Each structure stands twice: as C-alpha cells, then as structure tokens.
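Summary of structural features
If you want the building blocks of each chain, they are given just below.
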Amino acid sequence: MTDPSDADPRFETLAVTHGEQPSHDERAGDVTMPVHLSSTYEVPGIDPDTALEDLDPEDNEYLYSRLANPTRHALEKRLAALEGGDHAMTFASGTSAIVATVTATVEPGDHVVAFDDLYGGTNTMLKELFRDRLDVAVDFVDARDPENVADAVREETELVWMETPTNPLLRLCDIEAIASIAASADARLGVDNTFLSPYFQRPLDLGADVVVHSTTKYLNGHSDSLGGVAVTDDDDLANEIGFLQQVGMGNVLAPFDAFLTLRGLKTLPLRMRQHETNAAEIAAFLDEHDRVETVYYPGLESHPQRDLARRQMDGAGGVLSFELAGDLADVERFVAELEAFELAVSLGGVESLIEHPASMTHSPLSPEERAELGITDSLLRVSAGVEHPRDLIADLDAALEALDRGARRASR
C-alpha cells in the first residue's frame, strides 16, 4: 500500500521539476524551460469580451512579457511550491520585491513595526522612502523578544516586518509568536527568508502572510543573476503585489534571469546542505581561536537563541559572522591575507565570500546606528560556499597566523 505521505512531491523533487514539465504547446518537449525572450505574443483574434486580466498563463495565454512570460511563470510556480504558498511574484531585485510588498500593504498614515537588525538597505528604505516620503510611521524594535513587538503595535499598524536570521548578527525572532501578535492586531506579517531559503525555513507554515527573498542569493546560488520574489497564500495581497509588479511599478524579473534562477534551484537542496556543513565547521574553528572574540551562528550551542533555531529552522544555514580580536587595521590585514575567500558583498553563491558590514552592507547607517545595533569595525560576515571545508579553514587559519606574526614583530 502507498504511504499517504508519498502523495505529494518532496522538496528535492519540486526543486528540480515543478513548473517546468513539458506541455502541449509549441515547445519540442524540452526537459528544461527555454528562455522565452519575446516581448509580445500573437493572439488568436479580436475578442471584445476578453479582458487582459482574463488571459491565463496556466493555459499558455500570453499577451506581453511585462504582464506574463513563460519562463518567469515557470519560476514563479516553482518558488510558490517551495515556500508552500499559492502565489509568487518575481522582481528585478530583492529590494524591489520588498518595496512592492510594503507598498501593497500600507498607505499614508499607517504604521510599520520592524526588526531593528535588518539589512542596511531595507532599514534605509523603510526610513527614507516610506517614513520620510510616504508618511508611513516606522518603529524599529529588538524583535528577539516578541513582547517588544507587541508593545510597539498600535491601532494604525498594518505591517510587521521581520528578518530571521538577521543580517549580519544572525539574530532570530519567533515567527509563530510574532504572527500571532500581528494577527491579533489585524496586521500582516512579512518575513525576509533570504538567509535560510525555503529549504531550512518556511515562514508561511509558521503563520507569516508573505515571504520575500533576494533570489540573487541562495535561490540562484551562482552569483550571476539579480532578482527578488514575494510569496503569499493571501489572494488579496497577491493581487495587490501582482498589480504593482506588472502595472504599478512594471518591475519584473527578466526572462534570462528567470532561466538562471530555475537552473540554480535544481541544486538548491544539495547546495544548502554543503553550505551548512561548511559554515558549521568554520564557526566551530573560529569559536575556538584566540584571535576571535565572538562567533555569531545559530548552529553553535553558544548561540543565545539556539532553542528557537531548533524549533523553527531545519538547519542553521551558510552564513556566520565573527568579531576579530583587534582593530580596523587588523581586519584590513586579515582580509588581505585570505585567498579562498573573496572580499565582496552578497552571499549564497557556491563561492565563499567575506565582507565587512561597517564599510560595505551597512555603510548607509550612521556610526551611531551601527554601534547601537552592535555592528563594530571588527565584525566580519562570512558566506560559506561549497568548497571543501578543510581548504576554507586552512585559509582562515593562515590569515589568523599572519596576524599573530605581525603582532609579534610589532612587539619586539
């Protein structure tokens, strides 16, 4: 007898095939979705009774690629399935996915509660675009304690915006608890799930209303495509975000970027397992090194929210941060010694990257804002790639030893 649990495809199968099966159209039975570059499509005839919104990509009905494109549509179907949502809308960047999602949720006079430890670009967007230009009040709180979120919510609150884990300090928030708080206030909860991907965390299953990703990161996985996505099981919210994607902003993912992301998703489960293996080994190595003061990684037993990580995550992911013992000059020397890690922003690619948040991803924040969040000049963030972990650790070890040699020479 077939096990009922075998009725639906599992994550690994969805990642490879969903949305991409050959269909009975003009395609030649391709086993991978082609790049559909056409900007416009022939229609069978003039039909005054058919509105543009009645055209259905599910029936291979297309009019104009800004409205729908076969390659983008296949990607959106797959991303919705992987996140456990009913609708996915892809954009030209992760930032534009967030802008559209927030715009679809709030209007002037409304209020947003956000995690204080957000990606610097999101923090700046909420303040300088929504607060300062669009008259949307924004309060930033330490969401590690759900009570801080509850205390900040008020009658005008329409959106609660979270990242978990956060960038770059890998702080967590309790999605299920905050979803309950948002629901009680008749507000929506949005979660940026970029750092873990749906392989390790599915916020919709925990009560979130909408999930966003920078597809540039783990979903594409090869550092060769920009993109973003919003996924929801809320029909009304999907209609609003879809309107902004296609008409209000006209900000859609290009067909070639959709193709690259479809290709990247096929190996997402394999990559995520290796990313986590490498990050865990690197974190353990750094945690024992006397040149490192603190390591931030949810997979370490020392992480203050380790119990929450076990409860709502299926893995700790491939990103970690650490405080180097020393000053900015030491950080500069350490980074210059590295060979296996490239100094670059972004994350989630097959290659290992290291970046300095204070001068790179979080440079839009003032020194005072960075200090308040705990982002110091000695903080470094690592995106562990899929290389052999011993090679990565050897590279870090050599760079740390070079710092020690320099310190010994300086003390003579």
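Small disclaimer: the values here were computed from a predicted structure and weren't measured.

1. Overview of the overall build of the chain
- Helix and strand counts for the chain stand at 14 helices and 12 strands.
- Against the globule reference of 22 Å for 412 residues, the chain gives a C-alpha radius of gyration of 22 Å, in line with a compact fold.
- Residue burial in the chain is summarised as follows: out of 412 residues, 53% are buried.
- A total of about 18300 Å² of accessible surface is found on the chain, and carbon and sulfur atoms cover 48% of it.
- Here the chain holds 31 positive side-chain charges and 77 negative ones, and the gap between their average locations is 8 Å.

2. Brief notes about the sheet that holds strand E7 (residues 228-232)
- On the basis of which strands lie adjacent, the open sheet formed by 7 strands has the order E1-E7-E6-E5-E4-E2-E3 and mixed pairing. A single partner strand is all that each edge strand has here, and the edge strands are strand E1 (87-91) and strand E3 (137-141). Along the sheet, successive strands turn relative to each other by an average axial angle of 20 degrees, direction set aside.
- Helix H2 (residues 70-83) rests against E1, strand E6 (210-214) and E7 of the sheet, and its axis sits at about 125 degrees to E1.
- Its contacts with the sheet put helix H8 (residues 235-248) on E1, strand E5 (188-192), E6 and E7, and the angle it makes with E1 is roughly 20 degrees.

3. Some remarks on a negative patch on the surface
- A cluster of acidic residues, Asp86, Asp233, Asp235, Asp236 and Glu240, forms a negative patch at the surface.
- Overall, the relative accessible area of 36% leaves aspartate 233 in the partly exposed class.

4. Describing the environment of aspartate 377
- Inspection of the secondary structure puts aspartate 377 in the loop between helix H13 (367-373) and strand E12 (379-383).
- We classify aspartate 377 as partly exposed; its relative accessible area is 42%.
- Along the backbone, aspartate 377 and proline 367 are 10 residues apart, and their C-alpha atoms lie at a distance of 9.7 Å.
- Those residues within four positions of aspartate 377 in sequence are excluded, and the remaining contacts are Leu328, Val331, His356 and Ala358.

5. Overview of the nonpolar core
- Val149, Met162 and Leu189 are the most contacted members of the largest nonpolar core, which totals 45 residues.
- Residue contributions to this core peak at 6 residues, all from helix H3 (residues 94-105).
- Not counting chain neighbours up to four residues away, the residues in contact with methionine 162 comprise Val113, Ala114, Phe115, Leu118, Ala143, Val149, Cys173, Ile178, Leu189, Gly190, Val191 and Asp192.

6. Focus: H8
- All of the buried residues along H8 are Leu237, Ala238, Ile241, Gly242, Leu244 and Gln245. Taken end-on, H8 shows its buried residues confined to a sector of 155 degrees, consistent with a single buried face. Within H8, the exposed residues directed more than 90 degrees away from the buried face are Asp236, Asn239 and Val247.
- One side-chain oxygen of the residue at the start of H8 lies 3.0 Å from the amide nitrogen of aspartate 236, identifying that residue as aspartate 234.
- Glycine 250 lies just past H8 and shows a positive phi near 60 degrees.

7. Comments concerning the sheet that holds strand E9 (residues 319-324)
- Ordered in space as E8-E9-E12-E11-E10, the 5 strands form an open sheet in which the pairing is mixed. Looking at the sheet topology across the chains shown, the edges are occupied by strand E8 (292-296) and strand E10 (342-343).
- As defined by bridge partners, E10 adjoins strand E11 (residues 353-355) across 2 bridges and the pair is classed as parallel. Within E11, the residue paired with glutamate 342 across the bridge is leucine 353.
- Strands in contact with helix H12 (residues 328-337) are E9, E10, E11 and E12; relative to E9, the strand with the most contacts, it is inclined by about 130 degrees.

Scoring rules and cut-offs
- Numbering of residues begins from 1 in every chain and follows the order in which that chain's sequence is written.
- Residue-level local features of this predicted model are given only where pLDDT is at least 70; pairs of side-chain atoms are given and counted only at 80 or more, and the full residue set underlies all totals for whole chains, interfaces and linings.
- Side-chain numbers here rest on the full set of heavy atoms in the structure, without hydrogens or water.
- For helices the rule is a DSSP run of H or I covering at least 4 residues; for strands it is a run of E covering at least 2, with both sets numbered from the N terminus onward.
- Restricting the calculation to C-alpha atoms gives the radius of gyration, and the globule rule supplies 2.2 Å times the number of residues raised to the power 0.38.
- Burial classes follow relative accessibility: with a 1.4 Å probe on protein chains only, a residue under 20% of its type's maximum area counts as buried, one over 50% as exposed, and anything between as partly exposed.
- With residues, only the protein chains shown are counted as cover, and all accessible areas are computed by Shrake-Rupley using a 1.4 Å probe.
- His is not counted, nor are the chain ends; Lys and Arg add positive charge and Asp and Glu add negative charge.
- By convention, the charge on Lys lies at NZ, on Arg at CZ, on Asp at CG and on Glu at CD.
- Whether two strands pair comes down to DSSP finding at least two bridges between them.
- Each axis is a line fitted through C-alpha atoms, taken for helices only over the stretch in contact, and angles between the N-to-C directions span 0 to 180 degrees.
- In this description, contact between two residues means that some pair of their heavy atoms is separated by no more than 4.5 Å.
- Each patch is built from residues that are more than 30% exposed by relative accessible area and take part in no salt bridge. Like charges join if they lie within 9 Å; nonpolar side chains (Val, Leu, Ile, Met, Phe, Trp, Tyr) join within 5 Å.
- Here, a salt bridge means any side-chain nitrogen of Lys or Arg that lies within 4 Å of a carboxyl oxygen of Asp or Glu.
- Think of a nonpolar core as a cluster: buried Ala, Val, Leu, Ile, Met, Phe, Trp, Tyr and Cys residues, connected wherever their side-chain atoms sit within 4.5 Å.
- In this description, the arc belongs to the directions extending from the helix axis to the C-beta atoms.
- We call two N or O atoms a polar contact when they sit within 3.5 Å, provided that within protein one can donate a hydrogen and the other can accept it, with sequence-adjacent residues counted only if both atoms are side-chain atoms.

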